[in-house]
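# An overview of the molecular structure
These are the residues of each chain, in order.
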Amino acid sequence: MTLVKKVNWALASLSVGLTVATFLVDLFTPSGLAIEILYPAALLIAVWLPGRRTILAMAALCTLLAAVGYFASTAGETPPAAFTNRLLAFVAIWSVTFFSIHQKQIQEKVQHEALDAMNERDQVFRISRDFFCIVGDDGHFKRISPSFERVFGYGKEELFEKPVLDFIHPEDRSQCITNLGNLSLGEDPVVFENRHRCKDGSYRWLAWTCPAPVPGQTLLYGAARDITELKQATAELNTSKKRLREAQKEADTAAQAKNEFLTDMSHELRTPLTAIIGFSEMLLESSDAGKEPPERIRALRTIHQNGETLASILNDILDLSKIESGNMEVRKIPCSPFQILAEVASIMTVQAETKGLVFNVECIGAMPENIRTDPARLRQILLNHVGNAVKFTESGGVRLIARFLENGENSSMQFDVIDSGIGMEESENLFDPFSQANTSANKSEGLGLGLTISKRSVRMLGGHVTIVDTQPGIGTRFRITVATGSLRGVEMVEHPMTAMVVKAPESLIHADGTKSLDCRILLAEDGPDNQQLISHILRKAGAEVLVAANGKLAVGAALMACDEGEPFDVILMDMQMPVMSGYEATALLRQKGYDAPIIALTAQAMRGDREKCLDAGCDEYATKPIDRQHLIELIRAHIPSKTSVQSHELELVGAC
């Protein structure tokens, strides 16, 4: 029998015994108020017993015994004093009874609520995956949630018998003591992390939150969450980030090496290509070309054509490298779609006629007078597709059909390139780098980069390129769309074909040899072949040319000319030369106050090369192989006062 039950039995026996004793005294003693008060006193002892029924039973017993005692002691007589005393006793008995029952109800309610709260707490303790504990002032667990046993593998007794610090990793104990000290100082709450030892010797990370104890309270309460997996994931993430940084560093190094290689390759290939293309053009366009044997002319054209092919392949490689590295620049500016179509027609008509093909440009429906795109990129895309169509077509012709697709702010231009060529058997991987169509013909020239560059360039212009139809032996239809940009305020041209004037190719040399330039030019160029070629072009255009073989000589010649009062109108500066580079020479001239135009003429055509030249002090930038007409226009733009001929004259003579 438990102590509580023993106490309850003792109280019950005492209450009943006192009640019976009071009745016996009341029975054999004259009735008095002192005796009547003993009944409520006996009842008060029963109040401490559990249960309202016990109290009611004792109240009824006291009332019955008091009534029997009253009638027995008065022997049928009812003196007023005795009756009043007995009535007071009954009132006292039932007052105590009802008060006790009310108190029992309140007590039972409080106990029930406390029990519910304890059950809820125990339920949370049992089912929670987190950890809850109560620690006494002796440093031992006083209560723990079952998750401690479940996760750490200890039994409850094992956890209670040792101090809490014994389960904490040695490296974390000092910090844990400091945190507990902060709790004692009133910091609320204290949040920290530490490692707890499992029974198998391993450790798991817990993130703790401990509120400050109530003043006067010695117990500490704590809640924790297992963050072992989070710690492991964080460590793995940090390791992955480190590896990623290392991989990024390696990739950057590889990209830098690649750029350096491409830069060197570009320079080393463009320099001889300048001479190959330039001298072959010079021989083909000389006044004696018509007197040469046909086989020699064919040989010169073959040299020139293959030089152009090599230059095109080089440009494709560099363009693909720029696109893949995200360095391809797109300048969307207002431009005329008719002008772009006219330029494409002007170039491709000659190639088509050379193969005996018909090339037509068609415009369907009204088209905007101007669109906002990158005209150079769009021209390159159309030339690429039309050039491919001409290359793979042996008979019939090629059509370039343009139309405007109106769709509010998402309007676009659509270009269809249709040929009657050999078609393709498979086109699934046609736009992949270094991929070529699987045709019945032999493998064509080129690296298979043109369509890859075209597709990615079109995407940068807000459009897409697709193969609408292709059939072996019948032909292929490509469709290119590019965004027009905002057309607010742009007029529509109802008859586009009348707005497009296709210029026929003009001779590169003016018939009467009219000079377009009247200026002095210093050519800083270390390559003998290019010295001869560029000097010839400039002199044919009417310029006086002095050649310097390196940057140091160029600086000396430029400064000496200034001292003699005959400064050069323009300096054409090769940027890679021995003794002193073009960058160093340009910077030195600018430091010495030289303010005449300096045009960079370089074989470096990678991203940033233009900016590098301009930062060094150059006014303009041109690449090799040189575009003779473009070079003459650049020179003319920087010496407007010395240009004595009209624009069309310069274009013709400058192409010599």
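Residues numbered from 1 in each chain as written. Predicted model: local features only at pLDDT ≥ 70, side-chain atom pairs only at ≥ 80, totals over all residues. Heavy atoms only, no water.

### Re the pattern of salt bridges
Tallied over the full model, the rule gives 20 salt bridges. Between Asp-130 and Arg-225 there is a salt bridge, with its nearest N and O atoms 2.8 Å apart. You can see Asp-130 sitting in the loop between helix 4 (80–127) and strand 1 (131–135) and its partner Arg-225 sitting in strand 5 (residues 220–226), a full 95 residues away along the chain. Note that Glu-620 is salt-bridged to Arg-610, the shortest N-O span being 3.1 Å. Taken together, the residues span a long stretch of sequence, with Glu-620 in strand 19 (residues 620–623) and Arg-610 in helix 17 (residues 609–616) at a distance of ten residues. Given a relative accessible area of 34%, Arg-610 falls into the partly exposed group. Through salt bridges that share partners, Arg-403, Asp-416, Arg-477 and Arg-479 make up one connected network. (Salt bridge = Lys/Arg side-chain N within 4 Å of Asp/Glu carboxyl O. Helix = DSSP H or I, 4+ residues; strand = E, 2+ residues; numbered from the N terminus. Buried < 20%, exposed > 50% of the residue type's maximum accessible area, 1.4 Å probe, protein only.)

### Description of helix 14 (residues 528–540)
Over its 13 residues, helix 14 runs 18 Å from end to end, which matches the ideal 18 Å to within 8%, given 1.5 Å per residue. Within helix 14 the residues assigned to the buried category are Asn-530, Gln-531, Leu-533, Ile-534, Ser-535, Ile-537 and Leu-538. Count one or two residues on from helix 14 and you reach Gly-542, which has phi positive near 105°. (Expected span 1.5 Å × (residues − 1).)

### Considering the sheet that holds strand 5
Spatially, five strands are ordered 2-1-5-4-3 in an open sheet, and the strand pairing comes out antiparallel. Looking at strand neighbours, the two that pair on one side only are strand 2 (141–144) and strand 3 (190–197), the edges of this open sheet. Going from strand to strand, the sheet's axes swing by 30° on average, the running direction of each strand aside. For strand 4 (residues 203–210) and strand 5, the ladder comprises four bridges, and the chain directions are antiparallel. For Thr-209, the partnering residue across the bridge sits in strand 5 and is Ala-223. Seen against the sheet, helix 7 (residues 170–184) touches strand 3, strand 4 and strand 5 and runs at an angle of roughly 150° to strand 3. (Pairing = 2+ DSSP bridges. Axes fitted to C-alpha atoms, helices over the stretch in contact; angles between N-to-C directions. Contact = heavy atoms within 4.5 Å.)

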